[in-house]
Amino acid sequence: MTTKSKALREWVEEMAKLCKPDLVYWCDGSEVERQTLVDQALKTGELELLNQSKLPGCVYHRSNANDVARVEQCTFICTDKKEDAGPTNNWMAPADAYKKVGAIFDGSMRGRTMYVVPFIMGPAKSPFSKVGVEITDSIYVVLNMRTMTRMGKIALDQLGESDNFTKGLHGKADLNPERRFICHFPQDNAIWSVGSGYGGNALLGKKCLSLRIASYLGRQEDWMAEHMLILGIENPQGKTSYVAAAFPSACGKTNLAMLIPPKELKGYKVWTVGDDIAWLRKGTDGRLWAVNPEAGFFGVLPGTSHKTNPNAMLTMQKNTIYTNVVKTTDGNVWWEGHSDPAPHKATDWLGREWTPSSKEKGAHANSRFTAPASQCPSISPNWESPEGVPISAIIFGGRRARVAPLVYESFSWQHGVYMGATMASETTAAAIGQTGVVRRDPMAMLPFIGYNAGDYFAHWLHMGKITPKPPRIFNVNWFRTNANGEFMWPGYGDNMRVLLWILGRCDGKVEAQESPIGHIPFEKDLDLTGLNLKHETLKELLSIDRASWREELSGQKEFLDKIGPRLPSELHQEWQNLTHRLFS
Ligand code: GTP
Ligand code: SPV
Ligand code: MN
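Residues numbered from 1 in each chain as written. Chains lettered and ligands numbered in written order. Predicted model: local features only at pLDDT ≥ 70, side-chain atom pairs only at ≥ 80, totals over all residues. Heavy atoms only, no water.

Peer 1: So what exactly am I meant to see when it comes to the coordination of the manganese ion (ligand 3) here?
Peer 2: The expected angle between donors at a tetrahedral four-coordinate metal is 109.5 degrees. At an octahedral six-coordinate metal it is 90 or 180 degrees. Every protein donor of the manganese ion (ligand 3) is listed here as K207 (NZ), H227 (NE2) and D276 (OD), and their distances to the metal cover 2.2 to 2.4 Å. For the manganese ion (ligand 3), the 6 donor atoms in the first shell make angles of 68 to 174° at the metal, so the coordination geometry reads as irregular. In the primary sequence, the donor residues of the manganese ion (ligand 3) line up as K-x19-H-x48-D. In this pair, K207 is assigned in helix α8 (residues 205-221) and H227 in the loop between β12 (224-226) and β13 (228-234), connecting sequence segments 20 residues apart. For K207, a relative accessible area of 6% gives the class buried. With a relative accessible area of 0%, H227 lands in the buried category. (Donors = N, O, S within 2.8 Å, 3.2 Å for Na, K, Ca; no water. Tetrahedral: all angles 85-135°; square planar, octahedral: opposite > 155°, others 65-115°. Helix = DSSP H or I, 4+ residues; strand = E, 2+ residues; numbered from the N terminus. Buried < 20%, exposed > 50% of the residue type's maximum accessible area, 1.4 Å probe, protein only.)

This is how it looks when you write it as structure tokens:
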């Protein structure tokens, strides 16, 4: 494989000098290459083959036990000025980061092969797509990138002679958490990630490029990179409307994106465009248009079943990488919440013998599947459309046992930006650290904003101003619990009922009642046909408890104050407006 890009050749040479691999291999993305890499990884135990008659083309991977999720404390934005990374990011000066992390990379690929992985984020030939190149010493990473992006020759063809690509250097080194760094250099369009082989830390096209670097570029180029799913809802008349939804990690994006409507809502169909990332720009029609830059899904497994998400289950029947789940003696896979009964005897994600009576869970809470988006039964016919799909509504959502109602709508774009900026959610296993703790997670982007969060909020306000027909903005919460700690709302497919209310609002067909926090549904306007939901439960799901919202106000204020001088004054104003409404 050769590249016409002199800049790419020189950079790869330079990185090889640093990492000192035995061999440099350029990935072309072919099927022969895939087979060769899988065979090699099977020999070393990096991958295990699954039952090929039940799961054709599927392989199994166990990551290092200390390396199972994103590491926010080891993630850095390296800009010249600390203020440009802002108060929500870890910061290192670029020179210090290159020196410190460079010392770990130095010689780290001795005895290993350095794979050069060219990839495109976004559909090939789309003017909005971005080319990246990831250098890595992990076959697992190469195979994941192959599914998650348009990888190989196709990307070098798109790059041509250009020097315009994101330079991603990734190495496992010794997988020591003390020597683990995920550094972003937005000014150099570069990423250096070392010491982890897992998911968002190591697949540099995903969170590192498509959110952190892309959000930085989007601010300069008048577009947005967001942690959002994209889906289309086709109504019985055949008209499809699209929405984008930002929920924090492991809070339901994949599930909503692949939703199957309850049978009572006849004639509706949901089409999946993307499940994790959206790039949004103003279209020539004045609306906001969204593209999914990815080509695959890296989805959460626990809780995924034929009941909760049949489309995901069907997507991962073939050509799928399973990471950190239970492996059965006949080469099948299982996890907590799977539709099949637990296997009698199996190995857990750590490789230990496991039975249903084992004390610990068999699959890691952040175990995942990697599967091609094209295999999803609900994949939208427009999912690779170069200009994307027009967005009618933006939906924010989080995991809140209390306070946040099932759904409400903002009064305006500016108020919607405030809602997104101050949203909070309980932490999950997708990042290392304590789970179940409520924290502010603005626009579900707290770990992914590649620059100062105050500037990011200003960019949101700016996008609303330059977009003549911006989407309406909503907030949802599927995770309210009752006194027994049980979810009050059935969730999953039944979330369609909330989506229909949202579309009704967008089409101007449904009235709403004004509350201090926004517009909430009249009970009669939620189609609950066939749903066995007690009236008191619905009432509570839609209620706004002033006392808890007044408490919420102080949490929001504390967060806004933390953002500091670059917080747009409009958001202070919105806080005051909300305070006024809650006390009047
Ligand atoms: P990332 O890939 O980490 O960005 O996550 P995601 O937002 O795509 O989350 P995902 O859809 O994979 O859901 C994470 C967990 O939440 C899974 O265990 C789901 O089963 C569960 N979940 C998703 N939707 C619902 C819902 O409507 N109600 C309830 N109770 N749980 C849900
Ligand atoms: C998330 O954590 O939001 C994910 C998984 O989608 S990872 O690729 O690890 O970021
Ligand atoms: Mn995600």
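Peer 1: Honestly, the environment of F448 in this entry has me stumped. Any pointers?
Peer 2: Along the chain, F448 turns up in the loop between β28 (438-440) and α12 (453-466). Taking relative accessible area as the criterion, F448 reaches 0% and is therefore assigned buried. Along the primary structure F448 and E360 are separated by 88 residues, whereas in three dimensions their C-alpha atoms are 31 Å apart. Once residues within four sequence positions are removed from consideration, F448 is found in contact with R70, K207, L211, R212, S215, H227 and S249. (Contact = heavy atoms within 4.5 Å.)

Peer 1: Just to check I follow, could you spell out the site of ligand 1 for this structure?
Peer 2: Surveying the vicinity of ligand 1 reveals 22 residues, the closest of which are A250, K253, P302, R368 and Y492. Contact between ligand 1 and A250: an oxygen atom at 2.8 Å from a main-chain N or O atom of the residue. Here an oxygen atom of ligand 1 and a side-chain polar atom of D276 are 3.0 Å apart. When residues of the shell around ligand 1 are assigned to their parent elements, the largest contribution, 3 residues, is made by helix α9 (residues 253-257). Residues that form the shell around ligand 1 fall into these classes: 10 nonpolar, 8 polar and 4 charged. A domain-level breakdown of the shell around ligand 1 finds at least three residues from each of domain 2 (226-292 + 383-583) and domain 3 (297-375). (Near = heavy atom within 4 Å. Polar contact = N/O pair within 3.5 Å; in protein donor to acceptor, adjacent residues only side chain to side chain. Nonpolar A, V, L, I, M, F, W, Y, C, P; charged D, E, K, R; others polar. Domains from an automatic or database assignment.)

Peer 1: I'm lost on the site of ligand 2 in this one. Help?
Peer 2: Every residue lining ligand 2 is accounted for by R70, G199, G200, K206, K207, H227, S249, D276, F298, R368, A430 and F448. Within the side chain of R70, an N or O atom sits 2.8 Å from an oxygen atom of ligand 2. One of the side-chain nitrogen or oxygen atoms of H227 is found 3.3 Å away from an oxygen atom of ligand 2. With the chains in place, 98% of the 280 Å² that ligand 2 exposes on its own is no longer accessible. Sorting the residues of the shell around ligand 2 by element identifies α7 (199-202) and α8 as the ones contributing at least two each. (Areas by Shrake-Rupley, 256 points an atom, 1.4 Å probe, with all protein chains shown as cover.)

Peer 1: Please clarify how unusual backbone geometry should be interpreted in this entry.
Peer 2: A negative phi holds for most residues other than glycine; trans holds for most peptide bonds. Positive phi, normally seen in glycine, also occurs at N189, with a value near 55°. As for its placement among the helices and strands, N189 is situated in the loop between β10 (181-185) and β11 (190-194). Look at N189 and you get buried, because its relative accessible area is 15%. One non-glycine residue, Y492, adopts positive backbone phi at about 50°. The residue Y492 is located in the loop between β29 (472-476) and α13 (496-506) in this model. Assessed through its relative accessible area of 39%, Y492 is described here as partly exposed.

Peer 1: Would you mind showing me how to read the domain arrangement of the protein chain here?
Peer 2: One frequently used descriptor of interface size is the decrease in accessible area upon assembly of the parts. When the domains of the protein chain are assigned, the result is domain 1 (6-45 + 74-221), domain 2 (226-292 + 383-583) and domain 3 (297-375). Using C-alpha coordinates to define each centre, domain 1 is positioned 28 Å away from domain 3. On the domain 1 side of the contact with domain 3, Y140, T147 and Y198 bury the most area, a combined 58% of that side's loss. If you look at where domain 1 meets domain 3, you find 0 salt bridges. On inspection of domain 1 and its partner domain 3, the count reaches 3 residue pairs in polar contact (both at pLDDT 80 or more). Per-element accounting of the side of domain 1 that touches domain 3 gives the leading share, 5 residues, to helix α5 (residues 139-148). (Buried area = accessible area lost by both parts, 1.4 Å probe. Salt bridge = Lys/Arg side-chain N within 4 Å of Asp/Glu carboxyl O.)

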